[in-house]
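Tertiary structure, described
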Protein chains: 2
Amino acid sequence: MTPRQRGWRAALVALCGAWLAVVMGTVQAAPTIEHWTRPDGARVYLVPTDALPMLDLRLEFDGGSRRDPAPQAGLAAATALMLGKGTQAWGRAPERREDALAEAWADLGAQWSATATLDRFSIALRTLTRPDVLHAAVALLAQQLAAPAFDDGVWQRERQRLVAAWQQAQAQPEARAQRLFAQGVYRGHPYGREATPQTWAAIDGAAMRAFWQRHARVCDARLTLVGAVSRQQADALADTLLAGLAAHGCAPLPPVPEVEPLAQATQVREPFAGAAQAHILIGQPGVARRDPDHLALQVANHIVGGGGFTSRLMHELRERRGLTYGVYSYFVAGRHAGAWTVGMQTKPEQADQAVALIHEVLQRFTREGPTVQELAEAKRSLVLGHALKLDTNRKIADQVAALAWNDLPLDELSTWPARVQALTREQVMQAWRRVIDPQRLVTVVVGAAP
Amino acid sequence: MTPRQRGWRAALVALCGAWLAVVMGTVQAAPTIEHWTRPDGARVYLVPTDALPMLDLRLEFDGGSRRDPAPQAGLAAATALMLGKGTQAWGRAPERREDALAEAWADLGAQWSATATLDRFSIALRTLTRPDVLHAAVALLAQQLAAPAFDDGVWQRERQRLVAAWQQAQAQPEARAQRLFAQGVYRGHPYGREATPQTWAAIDGAAMRAFWQRHARVCDARLTLVGAVSRQQADALADTLLAGLAAHGCAPLPPVPEVEPLAQATQVREPFAGAAQAHILIGQPGVARRDPDHLALQVANHIVGGGGFTSRLMHELRERRGLTYGVYSYFVAGRHAGAWTVGMQTKPEQADQAVALIHEVLQRFTREGPTVQELAEAKRSLVLGHALKLDTNRKIADQVAALAWNDLPLDELSTWPARVQALTREQVMQAWRRVIDPQRLVTVVVGAAP
C-alpha cells in the first residue's frame, strides 16, 4: 500500500455516511505527509507532489520573539531581517555582500524569506526543481544559514528604517490600542514584548550572532518540503542545507512560562488627539494550539465573531445598530495561549455603546451557547473553507510546518473536516466556557469621546 | 488527439534543441486552453484541471476606467465597488441587501470580487465545484450581475470613505508625484483620469445603472474558467451567469484614442512640506499589449530597471552611489500604450544627482543596448520566473483572462519561454529605441530640496 493509499484509507475510516460526499472533496486536497527524523536530529516532513516542477521549503527553529531577552525585544525579528543582508565566505562559496546576495537569488529565479513570529524562527524557500537551479538555491540558502554577516553598518541603516516606521505608527491610535491590549492580556509574558527604539539600540551584530548560534541548531530543526522531490532528494537537500548549522547537543532551551489567566476585568480608556475613530480591542488569553479544545473554540469563535458577515457580533453591531463597518474576533494559538481578540472601530461618541454591546453579546453566547442552526452553518462554512487553505503548495507548506511545529498528528489536515462535523453543541459550549470568561475581559478603547 | 495532446505538440514544434530541457519544465506548467464563442457572442476560455475540486472564473467587459465620462472619473470603479452592496429581487431569487448578500457568500464558502482597471471591468469568482455549492455560487453571482441595487444611501457612505482615503493620500508626496506624472505622460488621455471628491460627487446610483447597462453586455463578454469543470459544465454555467445581462446588439462602443507620443521633455519639480524623501518618477508612454515589440521591451526593461537587484539602474544608483534603497521600472500595457515608469525615492538634497544619473543610464542603454551577458542573464531570469506566474489556478485564470482580453494567441503562455530565448540583441535594442526616447522623458520630483 503506498503512502497515498494509506492516507486515503485513514481518512475514509474516519468518515461516516451522511458527510461522506462533503468531506470527499476536501480529502482530495489533503496532503499525504511522509515524516522521518534524521540522525542529526532534524525532523523532516515531506509532501511529494508532481503537478509543478517546484519546491516550497520551510525550515523552523525555536527562535521566535518569545526568546528575545527583554532589554533586546525585537532581536529575533532583527536577526531574521539581517539574515538576507550579506554572508561571509563559506567553504568554496565567496563572501557575498548585500547586493551580490540579492543578485544571486535573482539569477536563480528563486524566492526566500526569513521571519520571526511569537514562537518560531521560519525560513521559506521557493525554487524550481530543475537540477541546476534547485541545488544552487539550496546551497545559497545554506551559506546564508551557515555564515550570515550580520554587518553592523547595514544594521544601523535598517534600524533607522525600523525607528522611522515605529515613529509613524505612534501617531496612529490603532498602534496605541494594540500596545495597551497586549500589556493587558500578556502582563509581562514574552508574547507581549514590544520592540522600541530603545530595545533596537541595544541590539548589534554580535547579539544577532549569539542569538543565531543559540537558536539555529540542527538537532531540533523542523524541515518541511512540498513539491516535486523524492524522499531521497529531500534527504540530500537537507544534508546541504543543514551542513553549516550549529551541531551542538540539544540541551533544552530554558522553559518559557505559560500565559496566566486573568484575575479580573480591566478597562483602559484613552483619548487620542485627532482620532476620527475610536479603536476598540477586547479579549483575554486563549489556548495553546495543542489544547484539545482548540477545534471547538475555532467553531465557537466563527459563530461569535470569526465568520465575517454571519457572526453574532457583526449582526448585532453592524446590521442591527449600524455602529461599525466591521467587527471581528480571532484566536492566536502557538505553544502558549495567545490572545483571543475582538476588534472594531466606531465613531468616538458611540464607543461606550459598542463596548457595552460586545460585552452583552459575549455574556449571552457564554450563557446560552450557539443555536443548532448557527452550529450547522458554522461547520458548513468552515468545512467549505478548509479546501481553500490547501489549494497551493505554498499554503500546504505553511499548514504542514504549523502542524510539525505544534507536534500535531500527521493526519491533522485530512481528518479536520470530519472532526469539525463531529463536534456537538455541548462540546462547543463547554470549550468556550472553560476558556472565555466575560467577567474578566481586557477592554481597551483609544480615541473615545472624552 | 485530445486538446492536451494538441497543446503539447504545438508547444514542442515551437522548440529547438538546446533549449528543450529549459522549456520543458515550463511547458509542463503551461495551461491548455479550450476556446469557443457562444451563440450569444460571449467568448469562453476554459482550462480544465482536476487537481482540486475548485473553479476560478473571470468575466470581463469593456468597462474599465478609460470609459469613465471625464466629469465622472471614478465611475467604473464606483460601479465595481457597488456591485457587491446589494441586489434587487431577480427571478425567484429574493432581494438581498448588503449584509444578506455578504452572508449568502459566506454560507457558500465562495469568494468573489469586482474591479475596474484602466481597460477592463473584471469579475472574479472562486468556488468549490461540489454541485450544490457551484450552482448556488454562480446563480448568486448571476443575480448580482442581473439586478444590482446601486443603492444611493450605501453609495453615500462608501463615497465618504473614498473621500477620507483621498484626503489622507493628499498629505503624501507620492500621491502628488503620481498625479503629476500621469498628467505629464497621458495629457488628457482617459488612462490618466483621476477620481476626486468632485467627480465622486457627480456620481450616483442612476449613473452606475446607466454605466452598467451600457458596458455589461453579453455580446462582447469574455469568460475564463480554470478548474475542475468540463466544457459542457462550463457552457451550462455560462448560461446561468449571463442570463440576466444586457442582450442588446453589439454596436461598437465609441473608440478610445491612442496615447500620443510626447513631443518634448518636461520637468516638474515641487517642494512638499514635511517630505522626508524626494519622490522621483520618470517615464513616457510605452506600447499596447498587442504591440509586436512587447516581449522585446519586457526583456529590455528587465535589464534597465525591472530585474530588481540585477538591473542597471539598481547597480548605478544603489550599489555604486548609495542614493536609494531601491529603484525600479515597468511597463503598463493594455489596449493602449500605458506608461513606462522609472520610480525611486532619495534624500531631498540628492534628488538632482539621482535624476541626472537615471537620465544618463537611459541614454547609455539606448545608445549601446544590452551586453551579451546581460541579455543571457535576463532571458534566464525571465524564463525561470515564468513558471511562477502559472503556479496556481488563480494566476492561470488571470493570465488567460489577460490574453483573452488582448486577443493574443491561445499558445501565448506555452510559447513564451521559447520566444524570449529566440530574441536577439538587435531585436531588443531596436524595440527599445523605437519606443523609449531619453530626450523626451517626463521627469517629476516631489519633495526635492528647494
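Reference entry: report on the structure contained in this document. (Residues numbered from 1 in each chain as written. Chains lettered and ligands numbered in written order. Predicted model: local features only at pLDDT ≥ 70, side-chain atom pairs only at ≥ 80, totals over all residues. Heavy atoms only, no water.)

**A word on the interface of chain A and chain B**
Buried accessible area, meaning the area lost when the parts come together, often serves as the stated size of an interface. Listed as interface residues are 42 residues of chain A and, on the opposing side, 42 residues of chain B. Summed over both sides, the interface of chain A with chain B buries roughly 3,800 Å², with 55% coming from carbon and sulfur. Looking only at chain A, the three residues that lose the most surface to chain B are Tyr325(A), Leu384(A) and Leu388(A), adding up to 16% of its buried area. There are 8 salt bridges connecting chain A and chain B. The salt bridge involving Arg380(B) is made with Asp132(A); its shortest N-O contact spans 3.8 Å. There are 12 residue pairs in polar contact (both at pLDDT 80 or more) connecting chain A and chain B. Residue assignment for the side of chain A that touches chain B shows that the elements contributing at least two residues are helix 2 (20–27), helix 4 (98–108), strand 5 (121–128), helix 5 (131–146), helix 6 (152–170), helix 12 (312–320) and helix 14 (372–388) of chain A. In terms of residue count, the dominant contributor to the side of chain A that touches chain B is helix 4 of chain A (7 residues). (Contact = heavy atoms within 4.5 Å. Buried area = accessible area lost by both parts, 1.4 Å probe. Salt bridge = Lys/Arg side-chain N within 4 Å of Asp/Glu carboxyl O. Polar contact = N/O pair within 3.5 Å; in protein donor to acceptor, adjacent residues only side chain to side chain. Helix = DSSP H or I, 4+ residues; strand = E, 2+ residues; numbered from the N terminus.)

**Quick look at the pairing of strand 11 (residues 442–446) of chain B**
All names here are of chain B. Most of strand 11 sits out of view: 5 of its 5 residues are buried. Where burial is concerned, the two faces of strand 11 agree: the one with Val442, Val444 and Val446 and the one with Thr443 and Val445 are both buried. One ladder, built from 5 bridges, connects strand 8 (residues 278–285) with strand 11; its direction is antiparallel. Of the residues in strand 11, the one forming a bridge with His279 is Val446. (Buried < 20%, exposed > 50% of the residue type's maximum accessible area, 1.4 Å probe, protein only. Pairing = 2+ DSSP bridges.)

**Examining the state of the cysteines**
Residues and elements named next belong to chain B. Per the counting criterion, the structure on display carries 2 disulfides over all chains. Two residues share a disulfide in this structure: Cys219 and Cys250, whose sulfurs sit 1.9 Å from each other. Residues Cys219 and Cys250 are joined by a disulfide whose S-S torsion is about 80°; by sign, that bridge is right-handed. Of the two residues, Cys219 is situated in the loop between helix 9 (205–215) and strand 6 (222–227) and Cys250 in the loop between helix 10 (231–242) and strand 7 (266–270); the sequence distance between them amounts to 31 residues. (Disulfide = S-S within 2.5 Å.)

**Quick notes on the sheet that holds strand 11 of chain B**
All names here are of chain B. Reading across from one edge, 7-11-8-10-9 is the order of the 5 strands in this open sheet, with mixed pairing throughout. A strand with exactly one partner marks an edge of an open sheet, and here the two such strands are strand 7 and strand 9 (327–333). Pairwise comparison of adjacent strand axes, ignoring direction, gives a mean angle of 15° for this sheet. (Axes fitted to C-alpha atoms, helices over the stretch in contact; angles between N-to-C directions.)

**Quick word on the sheet that holds strand 1 (residues 34–37) of chain B**
All names here are of chain B. With mixed pairing, 6 strands are arranged side by side in an open sheet as 1-2-6-3-5-4. Edge positions in the open sheet fall to strand 1 and strand 4 (111–116), since each of these has one partner strand only. Here the average twist between neighbouring strands, direction ignored, is 15°. Relative to strand 2 (residues 43–48), strand 1 runs antiparallel, the two being bridged by 4 bridges. Bridge assignment links Trp36 to a residue of strand 2, and that residue is Val44.

**Quick notes on the packing of aromatic side chains**
All names here are of chain A. Tallied over the entire structure, the rule returns 16 aromatic pairs over all chains. Through a chain of ring-to-ring contacts, the aromatic side chains of Phe331, Trp340, Phe365 and Trp432 assemble into a single cluster. Directly above the ring of Tyr325 sits Arg318, whose terminal nitrogen or CZ lies 5.1 Å from the centroid. (Phe/Tyr/Trp six-rings, centres within 6.5 Å; stacked < 30°, edge-to-face > 60°. Lys NZ or Arg CZ within 6 Å of the ring centre and 35° of its normal.)

**Overview of the relation of the copies chain A and chain B**
Relative to chain B, chain A is turned by 180° and slid 0.0 Å along the rotation axis, the superposed coordinates differing by an RMSD of 0.0 Å. Both copies of the chain, as the preceding transformation shows, are related through a two-fold rotation axis. Taking C-alpha positions as the reference, the residue of chain A nearest the rotation axis is Thr392(A), at 3.1 Å. A symmetric contact is evident, with 100% of the interface residues of chain A recurring at the interface of chain B. (Least-squares fit on C-alpha atoms with pLDDT ≥ 70 in both.)

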